[in-house]
Amino acid sequence: MKKILMITTGGTIASKKSQHGLTPGISAEELLAYIPAVKQICNVATLPLFNLDSTNMQPKHWQKLALAIEENYQNYDGFVICHGTDTLAYTAAALSYLIQNSPKPIVLTGSQKPIDLDSTDAKVNLLDSFIYACDDLSQEVVIVFDGKVIAGTRAKKVRAKSYNAFTSVNFPYLAVILDQQIIRYIPSQTLDNSLTFYHNLKQDLITLKLTPGLDEKILFFAFEHYRCIILESFGVGGIPENLMDAFYVLMKKYHQHRLVIVGSQVANEGSDMTVYEVGKKVKQDFQLLEAYDMTFESVVTKLMWLMAKFDSIEAIRQNFYSNVNHDILMYPHTK
């Protein structure tokens, strides 16, 4: 049987009731005890790394997770990470950039209810994760949740309480798991490059969600203090007229030292700033980057990875559209 390392980080799946609400308190060994069938699937070793509500997950934790996998990579056939759902998509995206071209599967999972409840999604999610991690065709960073297998860069939490909490944005599910059987929609691909671990992330970025009437002072603050600025715009993307004068002043002043990426607050179908006047002219004038069909979680974590890897804004710009673990399909040259 294959050897799988289960890394625990806390989250709802491992939480117990307290007088202040749910808090992580179930050990890795206790989690496994709730899915005795796993003994017939693989040999499992455990590594308790954190004991966090995932709201408290930070980039430093992503780096420690990637390092733990790197240090144990040669000793195991796959990895299962138990994680809270609130930042699960961010962690999956971050690990996709920190651990690239992994022929071994790195599976993240969690649950909407603790595993010790009679009615819970935790047992199925955890067992499905081991089933997927043991399959010979599984590879790279994925999320397994509610019977769906989602590429690590394509997941988004779309429901706060329901078991079908995650969806795959602008990309098909890689597979589904039904009655402990894997049905693959996307065949495993030959990895063109060798396994690479990265160790650093840089957090010199800010995200601004545009709202009607947003004060231009927010733009001045962002440009003055951060190297990368992510604008979550409306629809297919654009800059509101009341912000345009300030935006032009700031872009002319900081153009060589700041990178602006425009995305959409609409989760599905992506941005396209060439459609409307509010987007087309400003994009042409300043060669703004677009998120296109990328998830917001991937844009944030990819920029953190790129800023740590490259010193110059131009190098970050040139590498932003490199495809990592299915993170982008709508390349700018197709526009």
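Up top is the structure these notes are about.
A brief look at the structure comes next. Owing to the predicted nature of the structure, the values given are computational and were not obtained by experimental measurement.

Quick word on the overall build of the protein chain
Turning to step 1, where the next piece is worked out: The helix and strand inventory of the protein chain stands at nine helices and 18 strands.
Turning to step 2, where the next piece is worked out: Rg of the C-alpha trace for the protein chain: 21 Å, near the compact-globule value of 20 Å for 335 residues, within the 12% margin.
Turning to step 3, where the next piece is worked out: Dimensions of the protein chain along its principal axes, counting C-alpha atoms only, are 65 × 50 × 30 Å.
Turning to step 4, where the next piece is worked out: Scored against the burial criterion, the 335 residues of the protein chain give a buried share of 54%.
Turning to step 5, where the next piece is worked out: Pairs at least 24 residues apart make up 72% of the contacts formed inside the protein chain by residues separated by at least 6 positions.
Turning to step 6, where the next piece is worked out: As presented, the protein chain carries roughly 15100 Å² of accessible surface, and 49% of it is formed by carbon and sulfur atoms.
Turning to step 7, where the next piece is worked out: Of the side chains in the protein chain, 31 bear a positive and 34 a negative charge, and the two mean positions are spaced by 2 Å.

Details of helix H6 (residues 241-254)
Turning to step 1, where the next piece is worked out: The end-to-end C-alpha separation of H6 is 20 Å, in line with the 20 Å expected for 14 residues at 1.5 Å each.
Turning to step 2, where the next piece is worked out: Along H6, the sharpest kink reaches roughly 25°, centred on Phe247.
Turning to step 3, where the next piece is worked out: Looking only at H6, the buried set comprises Leu243, Met244, Ala246, Phe247, Tyr248, Leu250, Met251 and Tyr254.

Examining empty space enclosed by the protein
Turning to step 1, where the next piece is worked out: By the definition in use, this model includes one cavity of 30 Å³ or more.
Turning to step 2, where the next piece is worked out: Considered as a void within the structure, the largest cavity measures approximately 130 Å³ in volume.
Turning to step 3, where the next piece is worked out: Lining the largest cavity are 13 residues; nearest its centre among them are Gln139, Leu174, Pro187, Ser188 and His326.

Considering the nonpolar core
Turning to step 1, where the next piece is worked out: Residues Ile69, Leu303 and Phe320 are the most contacted members of the largest nonpolar core, which totals 57 residues.
Turning to step 2, where the next piece is worked out: Of all the elements, helix H8 (residues 296-309) adds the most residues to this core, at eight residues.
Turning to step 3, where the next piece is worked out: In this structure, Phe320 is in contact with Ile261, Leu289, Glu290, Met294, Val299, Lys302, Leu303 and Leu306, ignoring residues within four places of it in sequence.
Turning to step 4, where the next piece is worked out: One finds Val107, Ala133, Cys134 and Val149 within the second-largest nonpolar core, a separate group that totals 31 residues.

The rules we used
- Residues numbered from 1 in each chain as written.
- Predicted model: local features only at pLDDT ≥ 70, side-chain atom pairs only at ≥ 80, totals over all residues.
- Heavy atoms only, no water.
- Helix = DSSP H or I, 4+ residues; strand = E, 2+ residues; numbered from the N terminus.
- Rg over C-alpha atoms; globule rule 2.2 N^0.38 Å.
- Buried < 20%, exposed > 50% of the residue type's maximum accessible area, 1.4 Å probe, protein only.
- Contact = heavy atoms within 4.5 Å.
- Areas by Shrake-Rupley, 256 points an atom, 1.4 Å probe, with all protein chains shown as cover.
- Lys, Arg positive; Asp, Glu negative; His and termini not counted.
- Charge placed at Lys NZ, Arg CZ, Asp CG, Glu CD.
- Expected span 1.5 Å × (residues − 1).
- Bend = angle between axes of the 7 residues up to and from the residue.
- 1 Å grid on protein atoms, 1.4 Å probe; cavity = no way out; pocket = protein on both sides within 12 Å on 5 of 7 lines; lining within 4 Å.
- Points joined across faces, edges and corners; volume = space filled by probe spheres on them.
- Core = buried A, V, L, I, M, F, W, Y, C linked by side-chain atoms within 4.5 Å.

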